[in-house]
Amino acid sequence: MHSGGVGACIPLRCEQMRKQMGEKKRLYYPYHNPLLVSPARALPKEMAVVGAGTIGPDIGYYLKRAMPDSKLFLVDVVEKPLKNAQKRLSGYAERAVDRKKMTAQQAEAVLADISYTMAYEDLKDCDLVIEAATENIPLKQKIFESIEKIVRADTLITSNTSSIPADRIFSRMERPDRATVTHFFAPAWRSLPVEVVSWEKVNREVLDYLFWLFAATGKVPLITDNVICFMLDRVFVNWCNEAAQLLPDVTASQVDKVTEEFVFAGPFFVLNMVNGNPVIIETNTLQAEEGEHYKPARLLASVDRWHTHRPGTGVDMPRMSRETIRDRMLGVIFSQCFDIIDRGIGTKEDLNFGCQIALGFREGPLDIMRDLGEDEVNRIMQKFDRERPGYPQPNEAEGFYQDFNRYILVDDVNGVKVITIRRPQAMNALNDEVTAEILKVLEEYAHDPAVKGFVITGYGSRAFSAGADIGKFPEMLGNRDASIQYSRDCANVQLFMDRMQKPVVAAVNGMALGGGLELAIRCHSIVATRNAVFQFPEITLGILPGIGGCVVPYRKWPKGASLFHEMICLGRRIGVEEALNIGMVDEAAEDYSDLIGKAVNLAGTGGDAVKRIPDGRVQIPPIEIPSKPMAGGLALSKEALSIIVKTIEAGAAAEHLSDALEIGYAGFGEIACADAAQEGITAFLQKRRPEYNK
Ligand code: COA
């Protein structure tokens, strides 16, 4: 993540600073969901990463794993790091095979066609070159000069830097319009975010393409403005610097312990994992260009290794110290967040989300502010201003910083609102905030004449949604009433869609599981990519689909009743063909772009595309459960199955849809109190196989 610092300081001109302070920038041009962009180029066939040190090989592995048919060059000026990189990549692939994340054949394809080379001439046919050398401006400029001499005029060139603005690195390039910063986070082969920097000389088409490319290859691109440290490292380096400023009045261990309330690992633990000490150089640059207050802590320069504890272990601490640390550490994050938002360095959505996926925050910093409330945030900021004068304070009223969608992206495509669930770190699993945000958008535009309809889809190409957030379940297990209420509350979006006059189309871009499938089937139509998978895995967790899943499919597609029995009772997965056969899926799509195109067309047809769920009883075939019910190799709980069978049958026999839905909620309440649910949910969260003995 952090492998050096800004190599040279060029003072930021006042007028540029004023511009940054005053204007609200528009970072995202065509869409917020990158996969809605129509890319101007295909995926790269040949790619190179220059620099085989810490992060370069990891970027290379990500590229090759995402695009195994392509050719990759890993370049360095000395042989040793290249040899080490080769070993590292083989190790990654071996481990992936051991953990069954990849087959041996896939691993072979990933490792094939990688050249570990010292010859820049090898890059002549590359479509994309990512520089990941040391953080030193003259060195980077020299590398770009060498690359430009060899590659084609249309080759894209990016730099992985955590802090140096694009105009400084690319100032000597002949064609800077094809270059920008792409900032990866450690470990780059697995970590989702990549900051993609929008700067004045980069061609808009190049930026849009990179935005699309990263998402199409499994990353989460976040567009930021071109300032020192971009967006997320402003939070990170100032957080670490502030931690060091608190020493020696408190210990590193105490600081880490207090911050574990907000992050999975404290600043000193993370600094120990980072090679070198980028925080000093980066805060030094901030100090030189943005103000004295950013001065690096004295101790940062003299300590190589901090004495701290493993996250999660106990540390003694007086109450006064806890309060001092907590207020200062919150003060610095809040200050950075206000500054980032006020100057338009990044969006509220990306800042809040990025801190979670890149910096290990348990919840976003704007969520922390929301939980603390306005008075407490004001108290912390006033205290911080007294103790650390000069640090940015908010320019706007508190409400402004809370007014955004945390879990969804909303785009406009041809008069249709495309709602994208963005929780790729949890396979776009649904929690009550996600569904509340979806509902708010539907309500807001339901009667807007400028909006023809809606599409709901998932971020990335793996999952529409992997269901309800299983992490939420433990708190209601064993509590019948709370579980019933939970399903009723979750169903608010579905109930609203049942009454809408404008069509809502589910664009299923991969897995639609459990609660995700219950959301998709309640939309008025479903379009799905060829790799889509539909499943109710609840029985494998010892529970049932309680938000209409046990009743709605039978009413909408009675032809599929036997298949639904298998899906709900035995966790059977179905693909697009089967779903098309029973009428559950309206259209299949070849890829994401085709999917959205078809879904938008359907949603754009207006009221005609709204299909209501039939009311009245429905005839279903008898449910036959095998004597040893299994899902895959997993023996299922008979106790849970008997509740499911009863719920499906009673739901089908109910006179009205509303009664049937209530039966479904009640079924969920009953099953949540059974032993099977306790075992199934606990096992999932402990990442083990459940064992059902009833
Ligand atoms: N709720 C909460 N988190 C979920 C989730 C859900 N429904 N589905 C996936 N996730 C999380 C995983 O816990 C994991 O988080 P981690 O990286 O912090 O450990 C992350 O998403 C990635 O999932 P992972 O299991 O590592 O990916 P995979 O490719 O091996 O498997 C699934 C993907 C979807 C098959 C698997 O995650 C799964 O079975 N999920 C549960 C699906 C389910 O039962 N849904 C119905 C709920 S009612």
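Keep in mind that this is a model prediction, so the values were computed, not measured. (Residues numbered from 1 in each chain as written. Predicted model: local features only at pLDDT ≥ 70, side-chain atom pairs only at ≥ 80, totals over all residues. Heavy atoms only, no water.)

Participant: Teacher, can you tell me more about the overall build of the chain here?
Facilitator: Scanning the chain for helices and strands turns up 28 helices and 19 strands. For the chain, whose C-alpha radius of gyration is 27 Å, the value lies close to the compact-globule estimate of 26 Å for 694 residues. Principal-axis analysis of the C-alpha atoms gives the chain an extent of 75 × 60 × 55 Å. Expressed as a percentage of its 694 residues, the buried residues of the chain come to 60%. (Helix = DSSP H or I, 4+ residues; strand = E, 2+ residues; numbered from the N terminus. Rg over C-alpha atoms; globule rule 2.2 N^0.38 Å. Buried < 20%, exposed > 50% of the residue type's maximum accessible area, 1.4 Å probe, protein only.)

Participant: What should I look at first to understand the site of the ligand in this one?
Facilitator: Among the 18 residues in the neighbourhood of the ligand, the closest are listed as Arg462, Ala466, Ala468, Ile470 and Lys687. In the model, a nitrogen atom of the ligand is placed 2.9 Å from a nitrogen or oxygen of the alanine 468 main chain. A distance of 3.0 Å is found between a nitrogen atom of the ligand and a backbone nitrogen or oxygen belonging to isoleucine 470. Relative to its unbound accessible area of 860 Å², the ligand is 68% covered by the protein chains. Classifying every residue of the shell around the ligand by side-chain character gives twelve nonpolar, one polar and five charged. (Near = heavy atom within 4 Å. Polar contact = N/O pair within 3.5 Å; in protein donor to acceptor, adjacent residues only side chain to side chain. Areas by Shrake-Rupley, 256 points an atom, 1.4 Å probe, with all protein chains shown as cover. Nonpolar A, V, L, I, M, F, W, Y, C, P; charged D, E, K, R; others polar.)

Participant: Quick question: what am I supposed to make of the packing of helix α8 (residues 232–245) against helix α13 (residues 319–342) here?
Facilitator: Describing two packed helices takes the angle between their axes plus the distance from one axis to the other. Taken N-terminus to C-terminus, the directions of α8 and α13 make an angle of 155 degrees; their axes are 9 Å apart at the nearest point. The angle between α8 and α13 places the two elements in the roughly antiparallel class. In the packing of α8 onto α13, the handedness of the crossing is right-handed. In this structure, α8 contributes Arg234, Val235, Asn238, Trp239, Glu242, Ala243 and Gln245 to the contact, and α13 contributes Arg328, Met329, Val332, Ile333, Gln336, Asp339 and Ile340. Looking at the contact of α8 with α13 residue by residue, the class counts come to seven nonpolar, three polar and four charged. (Axes fitted to C-alpha atoms, helices over the stretch in contact; angles between N-to-C directions. Parallel < 35°, antiparallel > 145°, perpendicular 65-115°, else oblique. Left-handed = near helix turned anticlockwise from the far one by under 90°. Contact = heavy atoms within 4.5 Å.)

Participant: Help me understand the pairing of strand β7 (residues 193–198) in this model?
Facilitator: Along any regular strand, the residues point their side chains to alternate faces of the sheet. Counted residue by residue, β7 has six buried out of six residues, so it is predominantly covered. Here β7 shows a buried face lined by Pro193, Glu195 and Val197 and a second buried face lined by Val194, Val196 and Ser198. As defined by bridge partners, strand β6 (residues 179–184) adjoins β7 across three bridges and the pair is classed as antiparallel. Looking across to β7, one finds that threonine 182 is bridged to valine 196. Chirality of the crossover, the property in question, places the unit of β7, helix α7 (residues 204–216) and strand β8 (residues 220–225) among those that are right-handed. (Pairing = 2+ DSSP bridges. Right-handed = clockwise from strand over helix to strand, strands pointing away.)

Participant: Any chance you could explain the nonpolar core here in plain terms?
Facilitator: A general feature of soluble globular proteins is that nonpolar side chains tend to end up buried together. Membership of the largest hydrophobic core comes to 153 residues, with the highest contact counts inside it found for Ile59, Leu123 and Phe334. Ranked by the residues each element gives to this core, the list is headed by α13, at ten residues. For phenylalanine 334, the residues in contact, after removing those within four places along its chain, are Pro365, Ile368, Met369, Leu372, Val377, Ile380 and Met381. Judged by nonpolar contacts, the second largest core, of 93 residues, contains Val441, Ala468, Phe564 and Leu634. (Core = buried A, V, L, I, M, F, W, Y, C linked by side-chain atoms within 4.5 Å.)

Participant: Quick question: what am I supposed to make of the packing of aromatic side chains here?
Facilitator: Aromatic ring pairs are reported here in terms of the distance separating the ring centres and the angle at which the planes meet. Under the counting rule described, the total for this entry stands at 20 aromatic pairs. On the numbers, 5.1 Å between centres and 35 degrees between planes, the contact of tyrosine 92 with tryptophan 189 is tilted. Separated by 97 residues along the polypeptide, tyrosine 92 in helix α3 (residues 79–98) and tryptophan 189 in the loop between β6 and β7 bring together distant segments of the chain. The exposure classification of tyrosine 92 matches that of tryptophan 189, with both residues buried. A centroid spacing of 5.1 Å and a plane angle of 50 degrees characterise the contact between phenylalanine 144 and phenylalanine 170, whose relative ring orientation is tilted. With a gap of 26 residues between them, phenylalanine 144 in helix α5 (residues 137–150) and phenylalanine 170 in the loop between α6 (166–169) and β6 connect regions that are remote in the sequence. The exposure class assigned to phenylalanine 144 is buried, which follows from its relative accessible area of 0%. A cation sits over an aromatic face here: arginine 41 above tyrosine 209, 5.9 Å from the ring centre. The side chain of lysine 348 reaches across the aromatic face of phenylalanine 400, ending 3.8 Å from its centre. (Phe/Tyr/Trp six-rings, centres within 6.5 Å; stacked < 30°, edge-to-face > 60°. Lys NZ or Arg CZ within 6 Å of the ring centre and 35° of its normal.)

Participant: In this structure, what is going on with empty space enclosed by the protein? I would like to understand it.
Facilitator: Counted according to the given criterion, the structure contains two cavities of 30 Å³ or more. Looking at the lining of the largest cavity, the elements that each hand over two or more residues are α18 (432–445), α19 (480–490) and α21 (515–522). The residue makeup of the lining of the largest cavity, split by class, is six nonpolar, four polar and three charged. Taken as a whole, the second largest cavity spans an internal volume of roughly 50 Å³. Class assignment for the residues of the lining of the second largest cavity results in two nonpolar, three polar and three charged. (1 Å grid on protein atoms, 1.4 Å probe; cavity = no way out; pocket = protein on both sides within 12 Å on 5 of 7 lines; lining within 4 Å. Points joined across faces, edges and corners; volume = space filled by probe spheres on them.)

Participant: When you look at the packing of α19 against helix α20 (residues 492–499) in this model, what are you seeing that I'm missing?
Facilitator: Direction vectors running N to C along α19 and α20 enclose 40 degrees, while the axes themselves pass 4 Å from each other. Taken as axis vectors, α19 and α20 run oblique relative to one another. Contacts between α19 and α20 involve Arg488, Asp489 and Cys490 on the former and, on the latter, Asn492, Val493 and Gln494. Looking at the contact of α19 with α20 residue by residue, the class counts come to two nonpolar, two polar and two charged.

Participant: Just to check I follow, could you spell out the sheet that holds strand β14 (residues 511–513) for this structure?
Facilitator: Through backbone hydrogen bonds, the strands of a sheet pair up, either in parallel or in antiparallel fashion. Judged by pairing direction, the sheet is parallel, and its three strands sit side by side in the order β12-β14-β16 without closing on themselves. Edge positions in the sheet fall to β12 (463–465) and β16 (533–535), since each has one partner strand and no second. Direction aside, neighbouring strands of the sheet carry axes that sit 15 degrees apart on average. The pairing of β12 with β14 spans two bridges and is classified as parallel. Of the residues in β14, the one forming a bridge with serine 465 is alanine 512.

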